[in-house]
Amino acid sequence: MKNLFYLLFSGQVVEVDGGSGGISFPLILILIIILLVIVLLVRDKKIRDKVKGFFTLIGRKIKNSRINSKIEKEEKGLLELFTKLGDKGYENKLFPDNSDEIIDNIRKEREVAGKFESALDDTEKKIEKLKSEHEIFMSLKKSDVEKEYKVKEPVAAKYKEVSRILSDLKKESDENEKKIIKTGKGIDKAEAELERLSKDGLLDPEEREGRMEREEKTLIELKQELSDRTMKEASMPGEISIIEKEENGLRSELDIIEKKIENQETEIKAAETEHDDKISELVKEKGHFVAEKTKSDITLKTIYKELGKVLDKERPDNNDLSVIYIDIDRARERIKTLRSQLT
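Residues numbered from 1 in each chain as written. Predicted model: local features only at pLDDT ≥ 70, side-chain atom pairs only at ≥ 80, totals over all residues. Heavy atoms only, no water.

Engineer: In this structure, what is going on with the overall build of the protein? I would like to understand it.
Structural biologist: Tallying secondary structure elements over the protein gives six helices and two strands in all. Residue burial in the protein is summarised as follows: out of 343 residues, 24% are buried. If you take every contact in the protein between residues at least 6 apart in sequence, the share linking residues at least 24 apart comes to 78%. Carbon and sulfur atoms provide 55% of the accessible area of the protein, an area that totals close to 24700 Å². (Helix = DSSP H or I, 4+ residues; strand = E, 2+ residues; numbered from the N terminus. Buried < 20%, exposed > 50% of the residue type's maximum accessible area, 1.4 Å probe, protein only. Contact = heavy atoms within 4.5 Å. Areas by Shrake-Rupley, 256 points an atom, 1.4 Å probe, with all protein chains shown as cover.)

Here you go:
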């Protein structure tokens, strides 16, 4: 027995005809057990009857469960028909005897539902109006901001260009000052060299004359360069001052435009926040009215159902109600038929 359980749960494979394939031992045992059960069922009537009875009971429970589910659905539909009947009866002013209290309750609850419906309608109108006004406001404000950006664009481009020119002028002035100093030093050096050559008695006169001519030429060029740069540098402060004034004017103009844009965008954000807060409050208010209206509608349906049951008993003659009477009778017949099928 121990070996049998070991073979059953170990998943060992039994070779068939010496082939590489095989059938697992647990599968063989399961097949043997199924075969034994079949033999017992065929040979033993008591066991066969018990098994049959068991499956019959299960089948009956499943069948009854399905029928009960259909009955429950039909009964729910029947209650809805009573509600519909009560609603139509009230609309047609068909008030049976001894229904004064029900009618009075319907009137009161309809007034409550009407108030909540009216309040809900007013709230929805407020929300739609607020949204519409906000959209118009935002559209106008955003249009104003776009206009300011369009005004800013050429001013910003001009400011950028003027700033570049001013930067180039200052850089040129700095370089010019450095070159003036360097040129001055070159002049001093050339004059000193000319003086040294004029006093150098050891040099060949012809060589001295050639070297002095070259130095004099260099000196003349340096002096001319110094003169040109000095004159240019003298005009630089005036040019820089003019450009600086233009840059400052453009910067002031840009500051005004940017401040205006900033104020408009701040106003837009504040309006967005205020709008969202107002909408949030109205949505909460709407939610409250919806909840109260729903409760009132449920209560009203319950009272209509009570009136419908009374009308169903009385069956006053009315074309609108006659159609519902037929539906009610059919629903009852279906329920009766379904109940008769229960075993």
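Engineer: What am I meant to see in a negative patch on the surface here?
Structural biologist: A cluster of like negative charges, contributed by Asp204, Glu206, Glu209, Glu213 and Glu216, occupies part of the molecular surface. For Glu216, the location among the structural elements is in helix α5 (residues 205-314). Judged by its relative accessible area of 38%, Glu216 falls in the partly exposed class. (Patch = residues over 30% accessible without salt bridge, like charges linked within 9 Å, V, L, I, M, F, W, Y side chains within 5 Å. Salt bridge = Lys/Arg side-chain N within 4 Å of Asp/Glu carboxyl O. Lys, Arg positive; Asp, Glu negative; His and termini not counted. Charge placed at Lys NZ, Arg CZ, Asp CG, Glu CD.)

Engineer: I would appreciate a short explanation of the pattern of salt bridges in the present structure.
Structural biologist: One side chain can pair with another of opposite charge once the charged atoms of both are near each other. Enumeration according to the criterion identifies 24 salt bridges in this entry. A salt bridge links Arg251 to Asp255, with the shortest nitrogen-to-oxygen separation between them at 2.9 Å. In this pair, Arg251 and Asp255 both sit in helix α5, four residues apart, roughly one turn of the helix. In this structure Arg251 comes out as partly exposed when scored by relative accessible area, which is 26%. Sharing partners across several salt bridges, the network here consists of Lys152, Arg251, Asp255 and Glu258.

Engineer: Hey, could you run me through the packing of helix α4 (residues 100-199) against α5 in this one?
Structural biologist: Helix packing for two helices is described by the angle between their axes and how far apart those axes are. Axis separation between α4 and α5 bottoms out at 2 Å; the angle between their running directions is 170 degrees. As far as their axial angle goes, α5 and α4 are roughly antiparallel. Looking at the contact of α4 with α5, its residues break down into 50 nonpolar, 14 polar and 46 charged. (Axes fitted to C-alpha atoms, helices over the stretch in contact; angles between N-to-C directions. Parallel < 35°, antiparallel > 145°, perpendicular 65-115°, else oblique. Nonpolar A, V, L, I, M, F, W, Y, C, P; charged D, E, K, R; others polar.)

Engineer: Before we go on, may I ask you to explain the side chain of Glu247 in this structure?
Structural biologist: Structurally, the position occupied by Glu247 is in helix α5. The side chain of Glu247 is buried and forms no salt bridge, while Lys170, the nearest opposite charge, is found at 5.9 Å. Not counting residues up to four positions away in its chain, the partners in contact with Glu247 are Tyr159, Val162, Ser163 and Leu166.

Engineer: Explanation requested: unusual backbone geometry in the structure shown.
Structural biologist: Where the residue is not glycine, phi is negative for most of them; where a peptide bond is considered, it is trans in most cases. Non-glycine residue Lys93 carries a positive phi angle of around 55 degrees. Its location among the elements puts Lys93 in the loop between α3 (45-91) and α4. The exposed category is assigned to Lys93, whose relative accessible area is 66%. Unusually for a residue other than glycine, Asn98 sits at a positive phi of about 65 degrees.

Engineer: Just to check I follow, could you spell out α4 for this structure?
Structural biologist: Each turn of an α-helix holds 3.6 residues, which means side chains three or four residues apart point in the same direction. Along its 100 residues, α4 runs 144 Å from first to last C-alpha, staying within 8% of the 148 Å computed at 1.5 Å per residue. Its axis deflected by about 25 degrees at Lys152, α4 carries its strongest bend there, up to four residues before the proline Pro154. (Expected span 1.5 Å × (residues − 1). Bend = angle between axes of the 7 residues up to and from the residue.)

Engineer: Hey, could you run me through the environment of Ser280 in this one?
Structural biologist: Mapped onto the elements, Ser280 comes out in helix α5. Given the relative accessible area of 33%, Ser280 is considered partly exposed. On a C-alpha basis, the gap between Ser280 and Ile127 in space is 9.6 Å, while along the polypeptide they are 153 residues apart.

Engineer: Where do I start with α5 in this structure?
Structural biologist: The first and last C-alpha atoms of α5 sit 153 Å apart over 110 residues, in line with the 164 Å expected at 1.5 Å per residue. At Met236, α5 shows its largest bend, some 30 degrees, and a proline, Pro237, comes one to four positions later. Among the residues trailing α5, Arg315 stands out with phi positive, at a value near 50 degrees.

Engineer: Would you mind showing me how to read the packing of aromatic side chains here?
Structural biologist: Geometrically, a pair of aromatic rings is defined through the distance of the ring centres and the angle of the planes. Overall, the coordinates contain three aromatic pairs when judged by the stated rule. Where Tyr90 meets Phe95, the ring centres are 5.7 Å apart and the plane angle is 40 degrees; that geometry is what we call tilted. Here Phe95 falls in the partly exposed class, since its relative accessible area comes to 34%. Measuring from centroid to centroid gives 6.5 Å for Phe116 and Phe289, while their planes differ by 45 degrees, and the two rings are tilted. Here Phe289 lies in helix α5 and Phe116 lies in helix α4, a separation of 173 residues in the sequence. Overall, the relative accessible area of 16% leaves Phe289 in the buried class. (Phe/Tyr/Trp six-rings, centres within 6.5 Å; stacked < 30°, edge-to-face > 60°.)

Engineer: Just checking my understanding: could you explain the nonpolar core for this structure?
Structural biologist: One broad rule of soluble globular proteins: the nonpolar side chains tend to lie buried together. Of all hydrophobic cores here, the largest spans 22 residues; its most connected members are Leu78, Leu85, Tyr90, Ile106, Leu307 and Ile328. Those elements that provide at least two residues to this core are α3, α4, α5 and α6 (319-340). Core analysis: the second largest hydrophobic core is formed by 15 residues, Val155, Tyr159, Met236 and Leu250 among them. (Core = buried A, V, L, I, M, F, W, Y, C linked by side-chain atoms within 4.5 Å.)

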